[in-house]
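What the coordinates show
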Amino acid sequence: MDRLTEIASKAREAANILQTLSSTEKSTFLNTIHSKLISAKSHILAGNKKDKDLALPQVKSGQLSASLYKRLDLEGPGKFETMLQGIQDIEQLQDPVGKILLANRLDHGLNLYRVSCPVGVLLVIFEARPEVVANIAALAIKSGNAAILKGGKESFHTCEAVSKAIREAMEEEVTKKMMMEDVGGDNKNSMARLANAIQVVESREDIDGLLKQDKYIDLVIPRGSNALVKYIQWNTRIPVLGHADGLCSTFAAESAKLDLVKKILVDAKTSYPAACNSTETLLVHASHLNTDFFSQLAQTLVIDHGVTLKCDPKSLASLQKPSVTQVFQKNNNNNNNNNNNNHMDKVQPSQDEDYDTEFLDLILAIKTVESLEEAIQHINEHGSKHTDAILTENEAEAKRFMAGVDAAGVYWNASTRFADGFRYGFGAEVGVSTNKTHARGPVGLEGLVIYKYQMHGNGQATTDYGTGEGKKQYLHERIDI
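Residues numbered from 1 in each chain as written. Predicted model: local features only at pLDDT ≥ 70, side-chain atom pairs only at ≥ 80, totals over all residues. Heavy atoms only, no water.

Considering the packing of aromatic side chains
Applying the stated criterion to the full structure yields three aromatic pairs. Centre to centre, the rings of Tyr424 and Phe426 are 5.6 Å apart; their planes meet at 90°, and the pair counts as edge-to-face. The exposure class assigned to Phe426 is partly exposed, which follows from its relative accessible area of 30%. Taking 4.5 Å as the distance between ring centres and 10° as the angle between the ring planes, the aromatic pair formed by Tyr465 and Tyr474 counts as stacked. (Phe/Tyr/Trp six-rings, centres within 6.5 Å; stacked < 30°, edge-to-face > 60°. Buried < 20%, exposed > 50% of the residue type's maximum accessible area, 1.4 Å probe, protein only.)

Below, the structure is given as structure tokens:
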């Protein structure tokens, strides 16, 4: 058996045991992982500093994007603590396994149940964001799944330190469990395999080999660039859960209030531009170009927050009026922090490809639309089915938008940045899915379980039912759950 097949088969063996554990047992594992990460904090942050020191020259030379570098940082204020809190939040969530989703009475004494169960073995491939190792480990254990994790080379030392702490926690709890239950013989060997529930692989070449392990791996979850996701989708027979782009749009409808639009758009574009839920395109109703609505919005974005606007001809023309350019120039002259750069340099004509680009930076494409239907059409044609928002005071218009836009998340008067598992109350997310399968949008615990059918009988056989003498008829009654 080659190395990668052994890794995958060990994960399968661990998953088979993990899915039988009680909620209390899984919580014990999570609490121990939380404690181990706390005790390993200095070691983990030292590894993170090493990764950042190695990555910084690559950013300066253009080999690594600034957005990936931002995602790499675990030393920033509150980031390590947020990782720890995520584990505690997941531990407190209701166990998603073993829920009765449907119950039918086929006959007296013959009941059918649809019951939630783990997916099995997850292969999670991600770039940067080393805290993903802890988040995914916690989500996997809580949902009864084993996980094989592959981080980017830029986060190697951090991932290594985090995974070492998790491995030690798993081994410690497995040893305690065997001693308490006096497990021996084959049962001891079986229980020992539970320590392989979370495994981390290091080599980039390992990805190709693991993508062929469809006998053992049930679901691949890629988290990263468009190129990474597309590569995985094209090179495996294993189901893939994920999204290639986070091309989110916000539509400022005719009835939108300027103060509300400013607040939401500033958050959606500038709070974390490198995030996949950051707004990349602003659709603005044409009526706003005839007033100072759009010019004031543009001033807020450009002057106050340094956003570059890629404008279509109509919106560009509205910002090139002398009365508007004077305001931009006046603010420039009065602001010594801008190094005498002309703010109008950040107002640029758009190209067709800008409406299909995930900038992951302080860049916003502007598109003028004449109607709600035109906005919906643009989003459905150019969006990535991630998250899109409408800003309007018209409830009927908002409902039409939310029904018509084909995306995993559709919002009314709220920032696209809310598209996040933690903010949704999922504890943490394993990723974001734009698929139309069992899981869509931010995927937390509920997205890591599927279901199986369980039947409780009393000696029945299919030949007992049918037409003719002595045959019984199915009841097919819904059992209240």
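Examining the packing of helix α3 (residues 41-61) against helix α7 (residues 156-181)
Any two packed helices are characterised by how steeply their axes cross, that is the angle between the axes, and by the distance between the axes. Their axes nearest at 7 Å, the elements α3 and α7 cross at an angle of 165°. Considering the angle they form, α3 stands roughly antiparallel to α7. The handedness of the crossing between α3 and α7 comes out as left-handed. Contacts from His43, Ile44, Gly47, Asn48, Lys50, Asp51 and Leu54 in α3 reach Phe156, His157, Thr158, Ala161 and Val162 in α7. (Axes fitted to C-alpha atoms, helices over the stretch in contact; angles between N-to-C directions. Helix = DSSP H or I, 4+ residues; strand = E, 2+ residues; numbered from the N terminus. Parallel < 35°, antiparallel > 145°, perpendicular 65-115°, else oblique. Left-handed = near helix turned anticlockwise from the far one by under 90°. Contact = heavy atoms within 4.5 Å.)

A look at the sheet that holds strand β12 (residues 387-391)
Across the sheet, seven strands lie side by side as β10-β9-β11-β8-β7-β12-β13; this open sheet has parallel pairing. In this open sheet, the two edge strands, each paired with only one partner strand, are β10 (347-349) and β13 (409-412). Here the average twist between neighbouring strands, direction ignored, is 25°. As judged from the four bridges shared by β12 and β13, these two strands associate in the parallel manner. Bridge pairing links Thr387 to Gly409 in β13. (Pairing = 2+ DSSP bridges.)

Observations concerning the side chain of Lys310
Summarising the element assignment, Lys310 is placed in strand β9 (residues 308-311). Here Lys310 sits buried without a salt bridge, and the closest side chain of opposite charge, Asp354, lies 4.9 Å off (N-O distance). A polar contact of 2.9 Å, which involves the side chain of Lys310, links it to the side chain of Gln348. Not counting the four nearest positions on each side in its chain, Lys310 is found in contact with Gln348, Pro349, Ser350, Asp354, Tyr355, Ile363, Leu364, Ala365 and Ile366. (Lys, Arg positive; Asp, Glu negative; His and termini not counted. Salt bridge = Lys/Arg side-chain N within 4 Å of Asp/Glu carboxyl O. Polar contact = N/O pair within 3.5 Å; in protein donor to acceptor, adjacent residues only side chain to side chain.)

Here's the deal with a nonpolar patch on the surface
Taken together, the side chains of Leu101, Tyr451 and Tyr453 define a hydrophobic patch exposed on the protein surface, amounting to about 320 Å² of accessible area. Mapped onto the elements, Tyr451 comes out in strand β16 (residues 449-456). (Patch = residues over 30% accessible without salt bridge, like charges linked within 9 Å, V, L, I, M, F, W, Y side chains within 5 Å. Areas by Shrake-Rupley, 256 points an atom, 1.4 Å probe, with all protein chains shown as cover.)

Details of the pairing of strand β4 (residues 146-150)
Within β4, five of the five residues are buried, which leaves the element mostly enclosed by the surrounding structure. Burial along β4 is two-sided: Ala146, Ile148 and Lys150 facing one way and Ala147 and Leu149 facing the other are all buried. Direction of pairing for strand β3 (residues 121-126) relative to β4: parallel, over a ladder of five bridges. Looking across to β4, one finds that Val124 is bridged to Leu149. The pairing of β4 with strand β5 (residues 198-201) spans four bridges and is parallel.

Digging into the pattern of salt bridges
Oppositely charged side chains may form a pair once their charged atoms are brought near each other. A complete count under the given rule lists 24 salt bridges for this structure. The partner of Glu172 in a salt bridge is Lys176, and the shortest N-O contact between them spans 3.5 Å. Placement of the pair is Glu172 and Lys176 together in helix α7, with a separation of four residues, close to one helical turn. For Glu172, a relative accessible area of 29% corresponds to the partly exposed category. One salt bridge in this structure joins Arg237 and Asp214, with 3.2 Å as the shortest N-O distance. A residue pair is termed long-range when its members are at least 10 positions apart, and Arg237 in the loop between α10 (226-234) and β7 (248-252) and Asp214 in the loop between α9 (205-210) and β6 (219-223) qualify at 23 residues. Residues joined by salt bridges that share partners form a network here, namely Lys36, Glu172, Glu173 and Lys176.

Side note on the packing of helix α2 (residues 23-39) against helix α6 (residues 132-142)
One way to put it is that α2 packs onto α6 with a least axis distance of 9 Å and a crossing angle of 165°. Judged by the inter-axis angle, α2 sits roughly antiparallel to α6. Both α2 and α6 take part in a crossing whose hand is right-handed. Contacts between α2 and α6 pair Lys26, Ser27, Phe29, Leu30, Ile33 and Leu37 from the former with Ala134, Ala138, Ile141 and Lys142 from the latter. Looking at side-chain class alone, the contact of α2 with α6 contains seven nonpolar, one polar and two charged residues. (Nonpolar A, V, L, I, M, F, W, Y, C, P; charged D, E, K, R; others polar.)

A few points about unusual backbone geometry
Glycine aside, a negative phi is what most residues show, and trans is what most peptide bonds show. Backbone geometry at Leu360 places phi at a positive 55°, although glycine is not the residue there. Positionally, Leu360 belongs in the loop between β10 and β11 (363-369). What makes Leu360 partly exposed here is its relative accessible area of 22%. The residue His476 is not glycine, and still its phi comes out positive at about 50°.

As for α10
Among the residues making up α10, those that are buried are Leu228, Val229 and Ile232. For α10, the arc enclosing every buried residue in end-on projection is 95°, short of the 170-degree limit, so these residues lie on one face. Away from its buried face by more than 90 degrees, α10 exposes Ala227 and Trp234. Where the residues of α10 are buried, they touch β3 and β6. (Arc of directions from axis to C-beta.)

Details of the sheet that holds β4
As a general point, the strands of a sheet are linked pairwise by backbone hydrogen bonds and lie either parallel or antiparallel. Here four strands make up an open sheet; going across it, the order is β5-β4-β3-β6 and the pairing parallel. If you trace the sheet from one side to the other, it starts and ends with β5 and β6, each paired once. In this sheet, neighbouring strand axes are inclined to one another by 20° on average, regardless of whether the strands run parallel or antiparallel. Two strands pair when backbone bridges link them, and β3 and β6 are joined in this way by five bridges, in the parallel orientation. Each bridged residue has a counterpart across the sheet, and for Ile125 the counterpart in β6 is Pro222. With respect to the sheet, α10 is in contact with β3 and β6, its orientation differing from that of β6 by roughly 160°.

A word on helix α1 (residues 3-18)
Given 3.6 residues per helical turn, the α-helix brings residues three or four places apart onto the same face. Relative to the 22 Å expected for 16 residues at 1.5 Å per residue, α1 spans 22 Å between its end C-alpha atoms, a close match to the ideal helical length. Along α1, the residues classified as buried are Leu4, Thr5, Ile7, Ala8, Ser9, Ala11, Arg12, Ala14, Ala15, Ile17 and Leu18. Sitting at the amino-terminal end of α1 is Asp2, which places a side-chain oxygen 3.1 Å from the backbone nitrogen of Leu4. (Expected span 1.5 Å × (residues − 1).)

Everything listed here is a matter of coordinates, which is why it stays silent on function.
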